[in-house]
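Residues per chain, in single letters:
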Amino acid sequence: LLLAARGWGRLGAMSRYSTEQRGRPNSPDYRLYFKNADGKYISPFHDIPLFAGSKEDKEVPAKRLKTTGSEVLFNMIVEAPRWTNAKLEIATEEPLNPIKHDIKKGKLRYVANIFPHKGYIWNYGALPQTWEDPNHTDKITGCCGDNDPIDVCEIGSKIRSSGEIVQVKVLGVLALVDEGETDWKIIAISADDPEAQKIHGKYFYIDDVKKHKPGYLEATVDWFQLYKVPDGKPENHFAFNGEFKDKDFAVEIIKSTHEHWKALLHKKVDGGTVECTNVLVNGSPFCCSDEDARSIVQSAPAFMNGDSVSPEVDSWYFFPK
């Protein structure tokens, strides 16, 4: 079943992409594959450009990137919508990297409700064409990367959909150290969000977030510190004592992870189990044909409507100390 692409917002990033469901929602075989405007199956991890307004198949100078004023915008892939509990994520170890429901020890994973919140407290997702290299020790945190694209917490007013592509304005970053791995959390807002124009400080966007969304950043720190405790794990820790770094710092982190991704896609580093199959990355030895990409999708289970397990975690809350 091909889900019709919808144009979200006046920037219309999603109008260039559509998604196709395979398998049964809320089951181990559920997959959400991506197509571009030409109807080609693509990898959201590798084939959707990092910079909004750039073409899919080649680098574009910064002056030609889509901006709001002097701002360069980035494409975000929404994995888990705000207030939902299902741990949906890009399948980095599968060809074409569809979104899937994460599984641990044979069970579907759901994030707990951390009082007073339900599920994810932002639209949660990732920036394409970025990679936190597990073989690279970050000079700032002293820890290696977590082997995933860089995460994004989108704090706009709309509840987004899984698989939606949103053009975002970067506001800052939080340096989570998750089980000894560097796991950067980019704080961003959709460029078409009514509140985006309120956050316009020349340098210190994070200060504007505190002004216009009081308590949101503090709640973000609490959420990431505690969300694994209900699973019997210790509290997470942060670099900089949980202080948010501002936009310029965040953009440098994004650029660094983009360079690591380039090295990965051109086989200059060992990606281990990361699946690098792509359709549009020029010069990549992992580039496949449209026919091969179609075969990958068609080999997945057909879409089946209906839930096989309870899709949410509604029955209890974890009360922080």
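Rules of the game
The numbers attached to residues start from 1 for each chain and follow its sequence in the written order. pLDDT decides what is reported in this predicted model: residues at 70 or higher carry local features, side-chain atom pairs at 80 or more are listed and counted, and totals for whole chains, interfaces and linings draw on all residues regardless. Think of the side-chain values as coming from all heavy atoms in the structure, minus any hydrogens and water. How sure the predictor is of each residue is captured by pLDDT, a score from 0 to 100. By definition, residues are in contact when any of their heavy atoms lie within 4.5 Å. Whenever Lys or Arg places a side-chain nitrogen within 4 Å of a carboxyl oxygen from Asp or Glu, that contact is recorded as a salt bridge. Starting at the N terminus, helices and strands are each numbered in turn, a helix being any DSSP run of H or I of at least four residues and a strand any DSSP run of E of at least two. Residue exposure (1.4 Å probe, protein chains only): buried if accessible area is under 20% of the type maximum, exposed if over 50%, otherwise partly exposed. Two strands pair if DSSP finds at least two bridges between them. Throughout, the protein atoms alone are placed on a 1 Å grid, and a set of points is a cavity if a 1.4 Å probe fits but cannot get out or a pocket if it is open with protein on both sides within 12 Å along at least five of seven lines; lining residues have an atom within 4 Å of a point. Grid points are joined across faces, edges and corners, and a volume is the space filled by probe spheres set on the points. Gly is put with the polar residues, along with every residue not named as nonpolar or charged; the nonpolar set is Ala, Val, Leu, Ile, Met, Phe, Trp, Tyr, Cys and Pro, and the charged set is Asp, Glu, Lys and Arg.

Q: Lay out the confidence of the model for the protein with the relevant residues and their values.
A: For the protein, the mean per-residue pLDDT works out to 87, and 84% of the residues sit at or above 70. Per-residue pLDDT stays below 50 along residues 1–11; that stretch engages in 32 contacts with residues further than four places along the chain or on separate chains. Considering only residues more than four positions removed or in separate chains, one finds that residues 57–64, a stretch of pLDDT under 50, has 10 contacts.

Q: Go over the pattern of salt bridges, please, and point to the residues and values.
A: Per the counting criterion, the structure on display carries 16 salt bridges. For Arg160, the salt bridge is made with Asp192, and the minimal N-O distance between the two is 3.3 Å. In this pair, Arg160 sits in the loop between strand E14 (151–154) and strand E15 (165–178) while Asp192 sits in the loop between strand E16 (181–190) and helix H1 (205–212), placing the two residues 32 residues apart along the sequence. Here Arg160 and Asp192 have matching classes, each one buried. Within the structure, one salt-bridge network assembled from shared partners comprises Lys158, Arg160, Glu164 and Asp192.

Q: Would you mind going over the pairing of strand E12 (residues 123–126) in detail, with residue names and values included?
A: With burial as the criterion, each face of E12 is covered, one bearing Asn123 and Gly125 and the other bearing Tyr124 and Ala126. When strand E7 (residues 74–80) meets E12, the two strands line up antiparallel, connected through three bridges. Paired with Ile77 across the two strands is Ala126, which belongs to E12. Two elements, E12 and E14, share four bridges in a ladder whose sense is antiparallel. Counted as the bridge partner of Gly125 is Val152 from E14.

Q: Residues and numbers for the layout of surface pockets, please.
A: A volume near 790 Å³ is recorded for the largest pocket. Looking at the largest pocket, it is lined by 32 residues, and the ones nearest its centre are Lys87, Glu89, Asp102, Arg109 and Asp148. At the level of secondary structure, the elements contributing two or more residues to the lining of the largest pocket comprise strand E8 (88–90), strand E10 (103–104), E16 and helix H2 (216–226). Its residues assigned to classes, the lining of the largest pocket comprises 11 nonpolar, two polar and 19 charged.

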